[in-house]
Amino acid sequence: MGARGPGGAGGPTWRNWARTQSATPLRVARPRDLEALVQEVTTATAAGRRLRAVGSGHSFTGAAVTDGVQLHLDALTGVERVAPRPDGNAHVTVGAGTRLADLNAALAARGLAMRNLGDIDRQTVAGAISTGTHGTGARLGGLATQVVGCRVVTAAGDVVEVSPGHDPELFELARLGLGTAGVLAAVTLEVVPAFRLRAREAPMPLAELLTRMDELADANDHFELFWFPHTDRALAKCNNRVADDEADQPLPLLRHLVDDEVLSNGVFAVTNRLAAAYPRAVPPLNAVAGRALAGRTYTAGSADVFVARRRVRFREMEYAVPREHVPDVLRAVDRWLRTTREPVPFPLEVRFAAPDDLWLSTAHGRATGYVAVHQYHRMPHRRYFDAVERIMAEVDGRPHWGKLHGLDHVRLAALYPRLADANRVRARVDPTGTFRNDYVDRVLGPLP
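Report follows, based on the coordinates. (Residues numbered from 1 in each chain as written. Predicted model: local features only at pLDDT ≥ 70, side-chain atom pairs only at ≥ 80, totals over all residues. Heavy atoms only, no water.)

## Let's talk about the overall build of the chain
Point 1. Assigned secondary structure in the chain consists of 13 helices and 20 strands.
Point 2. Its C-alpha atoms give the chain a radius of gyration of 21 Å, within 12% of the compact-globule value 22 Å for 448 residues.
Point 3. Counting only C-alpha atoms, the chain reaches 60 × 50 × 40 Å along its principal axes.
Point 4. For the chain, with 448 residues in total, the buried portion stands at 58%.
Point 5. Sequence separation of 24 or more characterises 72% of the internal contacts of the chain that already satisfy a separation of 6 or more.
Point 6. For the chain, the exposed area adds up to about 18100 Å²; of that, 52% sits on carbon and sulfur atoms.
Point 7. Of the side-chain charges in the chain, 55 are positive and 50 negative, and the distance between the mean point of each set is 6 Å. (Helix = DSSP H or I, 4+ residues; strand = E, 2+ residues; numbered from the N terminus. Rg over C-alpha atoms; globule rule 2.2 N^0.38 Å. Buried < 20%, exposed > 50% of the residue type's maximum accessible area, 1.4 Å probe, protein only. Contact = heavy atoms within 4.5 Å. Areas by Shrake-Rupley, 256 points an atom, 1.4 Å probe, with all protein chains shown as cover. Lys, Arg positive; Asp, Glu negative; His and termini not counted. Charge placed at Lys NZ, Arg CZ, Asp CG, Glu CD.)

Right under this line is the structure:
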């Protein structure tokens, strides 16, 4: 979802969705097929130019920024192959430029679904997995854990099909490596039969939620909470699978329009504009919002429950912390906000994930809680984010690769035991640094 405007001599100016990053690439390329993609990569490598695939521009960091070739994969989309599995699941190969919203629709038409999703579906498949996008579920991993194969175009122009059984180290870097293994042309995902979720949303005191957090995370397939700063009010969201023969309980259309469009986007946009104009009004505005929280229960297809429409622009930082530290982290953030009265109209979001073994996964080797902080794009965010980042450092928090943070490869090497392995594979497949940029250099470090 990048935006374009008048640019300099190098070409059009690109900006990401959050307006936190911009670039003036030397060349903008839109390869029509795999052959054209290979040509773009080999030409860039031969000329010593850097090349980055841009996805939908939904990363808050500089992951997609380049002064060389900016690559759009809009032509490499759609379902390529569906391979049913003996266990009832299926392996589905899709073009790497496919938007998650389109993937969800294509899977639903075939009676299939992703087993877990984040709450935004604007990203491309390649961009989402490469930056570690995740949903919530204490027994489930992020999107990259659902990847079972990748088609990668390396810096030399080789088209390589990688999987756990074929060049497993390159597979590790390809499925979650900030695009440093090469350009993803296609991704194979393990998907499941389509399922429905019963969504239960209920306002609760923050203190009660902090006490019951482990219980709620373990008792539900997908549990998350939203907490309004400067209040003791939070919203608990518990989503669980329902049996195929269980009757639908859809959300009435009027309730959907009021809750998800009028309140969550329309009224919320007005609230944030008021907060930007009158920062001192944020605590009472949040108090009103907290008191307005209302419970609801409904049943819908999984993607319809997972995905929310976000029309209010914001900045975001998210950290993955050991799950047992989540309550202490929230209490520390609450103390800082109450002490400083920093105006923050956006709620904090807390989600959960199972441990995994992906080299650069934020949940590598530990049960994880994700704490995401947001700020309206017209309001200062630096002091707030810096304070939260200091709190996260005390519990060895790992930043989301696609969201704002201040860490570099020196600190990240201490947090990721396989970072050196990732860099070793980078050096093997991209020795001239075709897929580098400033952000990659900062967070992964120089090539060996």
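## A short note on the packing of helix 9 (residues 326-340) against helix 10 (residues 382-393)
Point 1. The N-to-C vectors of helix 9 and helix 10 enclose an angle of 145°; their axes lie 10 Å apart at closest approach. For the crossing formed where helix 9 meets helix 10, the hand is right-handed. Within the contact between the two elements, helix 9 uses Val329, Ala332, Val333, Trp336, Leu337 and Thr340 and helix 10 uses Arg383, Tyr384, Ala387, Val388, Arg390, Ile391 and Met392.
Point 2. Across the contact of helix 9 with helix 10, the residue classes tally to ten nonpolar, one polar and two charged. (Axes fitted to C-alpha atoms, helices over the stretch in contact; angles between N-to-C directions. Left-handed = near helix turned anticlockwise from the far one by under 90°. Nonpolar A, V, L, I, M, F, W, Y, C, P; charged D, E, K, R; others polar.)

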